[in-house]
Amino acid sequence: MNAILLRLATAALLAWIAATASAQSSTTPVELTGTLAKVRESGTITLGHRESSIPFSYLSPRGEPIGYSIDLCKLLVDAISEETGRTLEIKWQPVTPESRIPAVVSGQVDLECGSTTSNLERQKLVAFSPTIFVSGTKLLVRKGSPIKSFRDLAGKRVVVTAGTTNEKAMRDLATRFRIDLVLSTTADHAASFAQLTAGRVDAFATDDVLLYGLLAQNKLQGEYVVTGEFLSYDPYGIMYRKGDAQLARLVGDTFHRLAEDREVERRYNRWFLRRLPQSGMSLDLPMSPQLETLLQTMAVRTE
(Lines give C-alpha, C1' and ligand atoms only; values in the text may rest on other atoms or scores of the structure.)
Protein backbone atom coordinates (compact mmCIF):
# COMPACT_ATOMS: atom_id res chain seq x y z
CA MET A 1 0.00 0.00 0.00
CA ASN A 2 2.82 2.39 0.88
CA ALA A 3 4.42 1.76 -2.48
CA ILE A 4 1.15 2.59 -4.25
CA LEU A 5 0.74 5.79 -2.24
CA LEU A 6 4.34 6.73 -3.01
CA ARG A 7 3.77 6.26 -6.72
CA LEU A 8 0.58 8.34 -6.57
CA ALA A 9 2.32 11.09 -4.64
CA THR A 10 5.24 11.08 -7.04
CA ALA A 11 2.89 11.28 -10.02
CA ALA A 12 1.00 14.18 -8.39
CA LEU A 13 4.27 15.98 -7.70
CA LEU A 14 5.49 15.53 -11.25
CA ALA A 15 2.16 16.80 -12.57
CA TRP A 16 2.40 19.86 -10.32
CA ILE A 17 5.98 20.56 -11.45
CA ALA A 18 4.93 20.28 -15.09
CA ALA A 19 1.95 22.56 -14.53
CA THR A 20 4.10 25.11 -12.67
CA ALA A 21 6.73 25.08 -15.41
CA SER A 22 4.01 25.51 -18.01
CA ALA A 23 2.48 28.42 -16.13
CA GLN A 24 5.86 30.09 -15.73
CA SER A 25 6.68 29.66 -19.40
CA SER A 26 3.32 31.10 -20.39
CA THR A 27 3.95 34.23 -18.34
CA THR A 28 7.51 34.70 -19.54
CA PRO A 29 7.67 36.50 -22.90
CA VAL A 30 9.46 34.43 -25.53
CA GLU A 31 11.32 36.22 -28.29
CA LEU A 32 9.90 35.09 -31.60
CA THR A 33 12.24 33.95 -34.34
CA GLY A 34 12.03 32.69 -37.90
CA THR A 35 8.66 32.69 -39.61
CA LEU A 36 6.77 33.75 -36.47
CA ALA A 37 8.89 36.88 -36.12
CA LYS A 38 8.59 37.57 -39.85
CA VAL A 39 4.79 37.43 -39.95
CA ARG A 40 4.34 39.34 -36.69
CA GLU A 41 6.42 42.19 -38.05
CA SER A 42 4.66 42.30 -41.45
CA GLY A 43 1.14 41.42 -40.29
CA THR A 44 0.80 39.09 -43.28
CA ILE A 45 1.45 35.43 -44.02
CA THR A 46 1.85 34.03 -47.52
CA LEU A 47 0.27 30.69 -48.36
CA GLY A 48 1.28 28.77 -51.46
CA HIS A 49 -1.63 27.07 -53.19
CA ARG A 50 -2.26 24.89 -56.22
CA GLU A 51 -4.80 25.58 -58.94
CA SER A 52 -6.04 22.08 -59.78
CA SER A 53 -5.12 19.65 -56.97
CA ILE A 54 -8.71 18.63 -56.26
CA PRO A 55 -9.91 18.38 -53.48
CA PHE A 56 -6.78 19.52 -51.62
CA SER A 57 -5.94 22.87 -53.12
CA TYR A 58 -7.67 24.38 -56.13
CA LEU A 59 -9.58 27.44 -57.30
CA SER A 60 -13.28 28.03 -56.76
CA PRO A 61 -15.41 29.53 -59.55
CA ARG A 62 -14.61 32.92 -58.01
CA GLY A 63 -10.88 32.23 -58.22
CA GLU A 64 -10.42 31.68 -54.47
CA PRO A 65 -8.17 28.88 -53.15
CA ILE A 66 -10.29 26.15 -51.53
CA GLY A 67 -9.85 22.55 -50.43
CA TYR A 68 -8.86 20.20 -47.63
CA SER A 69 -5.25 21.42 -47.41
CA ILE A 70 -6.42 25.04 -47.61
CA ASP A 71 -8.73 24.46 -44.64
CA LEU A 72 -5.92 22.95 -42.57
CA CYS A 73 -3.56 25.79 -43.49
CA LYS A 74 -6.15 28.35 -42.39
CA LEU A 75 -6.37 26.59 -39.02
CA LEU A 76 -2.58 26.83 -38.77
CA VAL A 77 -2.78 30.54 -39.54
CA ASP A 78 -5.28 30.94 -36.68
CA ALA A 79 -2.78 29.26 -34.34
CA ILE A 80 0.07 31.42 -35.65
CA SER A 81 -2.03 34.56 -35.13
CA GLU A 82 -2.69 33.53 -31.54
CA GLU A 83 0.99 32.78 -30.96
CA THR A 84 2.15 36.11 -32.37
CA GLY A 85 -0.64 38.14 -30.79
CA ARG A 86 -1.59 39.61 -34.13
CA THR A 87 -4.39 38.90 -36.62
CA LEU A 88 -2.59 37.99 -39.82
CA GLU A 89 -3.72 38.84 -43.32
CA ILE A 90 -3.38 35.92 -45.74
CA LYS A 91 -1.67 36.54 -49.05
CA TRP A 92 -2.11 33.83 -51.68
CA GLN A 93 0.66 32.71 -54.00
CA PRO A 94 0.04 30.09 -56.72
CA VAL A 95 2.73 27.41 -57.00
CA THR A 96 3.35 24.44 -59.28
CA PRO A 97 4.99 21.11 -58.47
CA GLU A 98 8.28 22.49 -59.79
CA SER A 99 8.13 25.88 -58.05
CA ARG A 100 6.67 24.92 -54.65
CA ILE A 101 9.86 23.79 -52.87
CA PRO A 102 11.97 26.72 -54.09
CA ALA A 103 9.13 29.06 -53.04
CA VAL A 104 9.26 27.73 -49.47
CA VAL A 105 13.07 27.65 -49.27
CA SER A 106 13.41 31.22 -50.58
CA GLY A 107 10.75 32.63 -48.26
CA GLN A 108 8.37 33.51 -51.08
CA VAL A 109 5.71 31.49 -49.26
CA ASP A 110 5.49 30.68 -45.55
CA LEU A 111 3.26 27.59 -45.77
CA GLU A 112 2.63 25.46 -48.84
CA CYS A 113 -0.91 24.14 -48.85
CA GLY A 114 -1.26 21.59 -51.61
CA SER A 115 -0.81 17.89 -52.25
CA THR A 116 2.89 17.56 -51.53
CA THR A 117 4.47 14.25 -50.63
CA SER A 118 6.72 14.25 -47.57
CA ASN A 119 9.75 12.07 -48.28
CA LEU A 120 13.36 11.87 -47.12
CA GLU A 121 14.73 13.59 -50.22
CA ARG A 122 12.48 16.62 -49.78
CA GLN A 123 13.01 16.71 -46.02
CA LYS A 124 16.64 17.62 -46.73
CA LEU A 125 15.35 20.94 -48.09
CA VAL A 126 12.07 21.70 -46.27
CA ALA A 127 10.02 20.65 -43.27
CA PHE A 128 6.58 19.01 -43.21
CA SER A 129 3.61 18.88 -40.90
CA PRO A 130 2.35 15.52 -39.65
CA THR A 131 0.76 13.47 -42.43
CA ILE A 132 -2.65 14.78 -43.57
CA PHE A 133 -3.34 12.18 -46.29
CA VAL A 134 -1.90 8.96 -47.70
CA SER A 135 -1.98 8.38 -51.44
CA GLY A 136 -0.01 6.67 -54.18
CA THR A 137 0.60 6.70 -57.93
CA LYS A 138 -1.96 5.03 -60.19
CA LEU A 139 -2.94 5.28 -63.85
CA LEU A 140 -5.95 7.02 -65.37
CA VAL A 141 -7.10 5.67 -68.73
CA ARG A 142 -10.17 5.87 -70.91
CA LYS A 143 -12.73 3.12 -70.25
CA GLY A 144 -12.12 0.17 -72.52
CA SER A 145 -8.38 0.80 -72.65
CA PRO A 146 -6.20 -2.32 -72.74
CA ILE A 147 -3.99 -0.76 -70.03
CA LYS A 148 -4.71 -2.51 -66.73
CA SER A 149 -1.27 -2.27 -65.14
CA PHE A 150 2.06 -0.50 -65.58
CA ARG A 151 3.21 -3.69 -67.32
CA ASP A 152 0.85 -2.82 -70.20
CA LEU A 153 2.57 0.48 -70.93
CA ALA A 154 5.13 -0.76 -73.50
CA GLY A 155 4.89 1.52 -76.51
CA LYS A 156 2.25 3.68 -74.81
CA ARG A 157 2.26 7.44 -74.23
CA VAL A 158 2.11 8.44 -70.55
CA VAL A 159 1.88 11.95 -69.14
CA VAL A 160 2.98 13.02 -65.67
CA THR A 161 3.12 16.41 -63.97
CA ALA A 162 6.67 17.76 -63.82
CA GLY A 163 8.31 17.94 -60.41
CA THR A 164 6.12 15.27 -58.79
CA THR A 165 7.01 12.00 -57.11
CA ASN A 166 4.86 10.37 -59.81
CA GLU A 167 7.34 11.46 -62.48
CA LYS A 168 10.19 9.79 -60.59
CA ALA A 169 8.09 6.66 -59.94
CA MET A 170 7.29 6.23 -63.63
CA ARG A 171 10.88 6.80 -64.74
CA ASP A 172 12.15 4.33 -62.15
CA LEU A 173 9.58 1.71 -63.15
CA ALA A 174 10.37 2.10 -66.85
CA THR A 175 14.07 1.60 -66.14
CA ARG A 176 13.67 -1.23 -63.63
CA PHE A 177 11.26 -3.28 -65.74
CA ARG A 178 12.66 -2.17 -69.11
CA ILE A 179 9.34 -0.78 -70.30
CA ASP A 180 9.69 1.20 -73.50
CA LEU A 181 7.06 3.85 -72.80
CA VAL A 182 6.93 7.44 -74.03
CA LEU A 183 6.86 9.77 -71.01
CA SER A 184 5.89 13.44 -71.33
CA THR A 185 5.41 16.16 -68.70
CA THR A 186 3.18 19.19 -68.19
CA ALA A 187 3.23 22.06 -65.68
CA ASP A 188 0.22 21.02 -63.57
CA HIS A 189 -2.40 18.31 -63.13
CA ALA A 190 -5.08 20.13 -65.13
CA ALA A 191 -2.75 20.26 -68.14
CA SER A 192 -1.87 16.56 -67.77
CA PHE A 193 -5.56 15.67 -67.54
CA ALA A 194 -6.25 17.73 -70.66
CA GLN A 195 -3.60 15.75 -72.53
CA LEU A 196 -5.47 12.54 -71.75
CA THR A 197 -8.96 13.82 -72.55
CA ALA A 198 -7.67 15.24 -75.85
CA GLY A 199 -6.33 11.80 -76.80
CA ARG A 200 -2.70 12.94 -76.97
CA VAL A 201 -1.61 10.32 -74.42
CA ASP A 202 -2.81 6.86 -73.43
CA ALA A 203 -2.51 7.26 -69.66
CA PHE A 204 -2.05 9.90 -66.97
CA ALA A 205 -0.03 8.82 -63.92
CA THR A 206 -0.46 10.66 -60.63
CA ASP A 207 -1.79 10.13 -57.10
CA ASP A 208 -5.04 8.19 -57.18
CA VAL A 209 -6.96 10.70 -55.05
CA LEU A 210 -6.09 13.52 -57.46
CA LEU A 211 -7.34 11.42 -60.37
CA TYR A 212 -10.65 10.81 -58.58
CA GLY A 213 -10.86 14.53 -57.84
CA LEU A 214 -10.33 15.52 -61.46
CA LEU A 215 -12.95 13.03 -62.62
CA ALA A 216 -15.48 14.31 -60.08
CA GLN A 217 -14.79 17.96 -60.86
CA ASN A 218 -15.20 17.35 -64.59
CA LYS A 219 -18.06 14.82 -64.22
CA LEU A 220 -16.23 12.21 -66.27
CA GLN A 221 -16.44 9.17 -63.99
CA GLY A 222 -18.36 7.28 -66.66
CA GLU A 223 -15.69 7.76 -69.32
CA TYR A 224 -12.40 7.12 -67.50
CA VAL A 225 -11.14 4.63 -64.93
CA VAL A 226 -8.34 4.64 -62.35
CA THR A 227 -6.48 1.38 -62.80
CA GLY A 228 -3.51 -0.73 -61.73
CA GLU A 229 -1.62 -1.30 -58.52
CA PHE A 230 -0.10 1.44 -56.41
CA LEU A 231 3.22 2.44 -57.94
CA SER A 232 4.41 4.62 -55.04
CA TYR A 233 3.61 5.53 -51.42
CA ASP A 234 2.87 9.23 -50.95
CA PRO A 235 2.10 10.70 -47.50
CA TYR A 236 1.05 14.35 -47.85
CA GLY A 237 1.99 17.17 -45.50
CA ILE A 238 1.88 20.95 -45.20
CA MET A 239 5.30 22.30 -46.16
CA TYR A 240 7.25 25.05 -44.36
CA ARG A 241 10.84 26.19 -43.96
CA LYS A 242 13.39 23.80 -42.52
CA GLY A 243 15.26 24.72 -39.34
CA ASP A 244 12.45 26.87 -37.88
CA ALA A 245 12.15 25.36 -34.38
CA GLN A 246 9.37 27.66 -33.13
CA LEU A 247 7.17 27.09 -36.16
CA ALA A 248 7.84 23.34 -36.05
CA ARG A 249 6.67 23.21 -32.42
CA LEU A 250 3.56 25.23 -33.22
CA VAL A 251 2.69 23.06 -36.22
CA GLY A 252 3.13 19.88 -34.18
CA ASP A 253 1.07 21.21 -31.25
CA THR A 254 -1.69 22.47 -33.56
CA PHE A 255 -2.04 19.17 -35.38
CA HIS A 256 -2.08 17.32 -32.07
CA ARG A 257 -5.00 19.49 -30.98
CA LEU A 258 -6.81 19.18 -34.33
CA ALA A 259 -6.45 15.40 -34.25
CA GLU A 260 -7.43 15.17 -30.59
CA ASP A 261 -10.72 17.05 -31.05
CA ARG A 262 -11.31 15.31 -34.44
CA GLU A 263 -11.23 18.54 -36.43
CA VAL A 264 -8.99 16.91 -39.07
CA GLU A 265 -11.60 14.18 -39.45
CA ARG A 266 -14.38 16.75 -39.87
CA ARG A 267 -12.42 18.59 -42.55
CA TYR A 268 -11.69 15.29 -44.26
CA ASN A 269 -15.39 14.40 -44.37
CA ARG A 270 -16.17 17.84 -45.78
CA TRP A 271 -13.93 17.34 -48.81
CA PHE A 272 -13.96 13.60 -49.43
CA LEU A 273 -17.44 12.44 -48.45
CA ARG A 274 -19.65 15.41 -49.35
CA ARG A 275 -20.36 17.12 -52.64
CA LEU A 276 -17.63 19.35 -53.99
CA PRO A 277 -18.33 23.00 -54.76
CA GLN A 278 -19.15 23.75 -58.40
CA SER A 279 -19.38 20.17 -59.71
CA GLY A 280 -21.82 18.94 -57.06
CA MET A 281 -20.10 15.54 -57.25
CA SER A 282 -18.60 13.63 -54.31
CA LEU A 283 -15.40 11.62 -54.27
CA ASP A 284 -17.12 9.30 -51.77
CA LEU A 285 -13.70 8.30 -50.46
CA PRO A 286 -13.73 7.09 -46.82
CA MET A 287 -10.64 7.69 -44.74
CA SER A 288 -8.04 4.96 -45.22
CA PRO A 289 -7.03 2.73 -42.30
CA GLN A 290 -3.49 4.11 -42.65
CA LEU A 291 -4.64 7.71 -42.15
CA GLU A 292 -6.97 6.71 -39.31
CA THR A 293 -4.03 5.14 -37.49
CA LEU A 294 -1.82 8.16 -38.14
CA LEU A 295 -4.46 10.52 -36.73
CA GLN A 296 -4.92 8.35 -33.64
CA THR A 297 -1.17 8.48 -33.06
CA MET A 298 -1.14 12.23 -33.74
CA ALA A 299 -3.81 12.74 -31.06
CA VAL A 300 -1.53 11.23 -28.39
CA ARG A 301 0.76 13.90 -26.99
CA THR A 302 4.37 12.88 -26.55
CA GLU A 303 6.35 15.13 -24.22
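Conventions used here
Residues numbered from 1 in each chain as written. Predicted model: local features only at pLDDT ≥ 70, side-chain atom pairs only at ≥ 80, totals over all residues. Heavy atoms only, no water. Pairing = 2+ DSSP bridges. Helix = DSSP H or I, 4+ residues; strand = E, 2+ residues; numbered from the N terminus. Axes fitted to C-alpha atoms, helices over the stretch in contact; angles between N-to-C directions. Contact = heavy atoms within 4.5 Å. Phe/Tyr/Trp six-rings, centres within 6.5 Å; stacked < 30°, edge-to-face > 60°. Buried < 20%, exposed > 50% of the residue type's maximum accessible area, 1.4 Å probe, protein only. pLDDT = per-residue confidence, 0-100. Salt bridge = Lys/Arg side-chain N within 4 Å of Asp/Glu carboxyl O.

Moving on: the sheet that holds strand β12 (residues 203–207). Spatially, β11-β10-β12-β9-β13 is the arrangement adopted by the five strands of the open sheet, whose pairing is mixed. A strand with exactly one partner marks an edge of an open sheet, and here the two such strands are β11 (182–186) and β13 (224–227). Between one strand and the next, the sheet's axes are offset by a mean angle of 30 degrees, whatever the strand orientation. In this sheet, β11 lies alongside strand β10 (residues 157–161) in parallel orientation, the contact comprising five bridges. By the bridge assignment for β11, Val 159 is matched with Ser 184. Sheet contacts for helix α7 (residues 189–197): β9 (137–142), β10, β11, β12 and β13; angle to β12, the most-contacted strand, approximately 150 degrees.

It is worth spelling out the packing of aromatic side chains at this point. Using the criterion set out here, one finds 13 aromatic pairs in the structure. Arranged with centres 6.3 Å apart and planes meeting at 85 degrees, the rings of Tyr 58 and Trp 271 form a pair that is edge-to-face. Of this pair, Tyr 58 sits in strand β3 (residues 57–59) while Trp 271 sits in helix α10 (residues 263–272), placing them 213 residues apart in sequence. The same class applies to Tyr 58 and to Trp 271, which are both buried. Ring centres of Tyr 68 and Tyr 268 lie 6.0 Å apart, and the angle between their planes is 85 degrees; this geometry places the pair in the edge-to-face category.

When the pLDDT values of the protein are averaged, the result is 91; 89% of them are 70 or greater. Across residues 1–28, where pLDDT falls below 50, the model places zero contacts with residues more than four positions away in sequence or in other chains.

Inspection of the entire model under this criterion finds 15 salt bridges. Across the pair Asp 188 and Arg 50 runs a salt bridge, and its minimum N-O distance is 2.8 Å. A residue pair is termed long-range when its members are at least 10 positions apart, and Asp 188 in the loop between β11 and α7 and Arg 50 in the loop between β1 (44–49) and β2 (52–53) qualify at 138 residues. By relative accessible area, Arg 50 is classed as buried at 0%. Arg 241 is the partner of Asp 110 in a salt bridge, and the nearest nitrogen-oxygen pair spans 2.7 Å.

Attention now moves to unusual backbone geometry. Each neighbour pair has its own omega, and for Ile 54 with Pro 55 the value is 0 degrees, a cis peptide bond. Residue placement: Pro 55 occurs in the loop between β2 and β3. One non-glycine residue, Arg 262, lies in positive phi territory at about 65 degrees. Along the chain, Arg 262 turns up in the loop between α9 (245–260) and α10.

A separate point is the sheet that holds β3. Taking strand neighbours across the sheet as the criterion, the three strands line up as β2-β3-β4 in an open arrangement whose pairing is antiparallel. Sheet topology places β2 and β4 (65–66) at the edges, where each strand pairs with a single neighbour. Here β2 runs beside β3; their pairing, made up of two bridges, is antiparallel. The residue of β3 that forms the bridge with Ser 53 is Ser 57.

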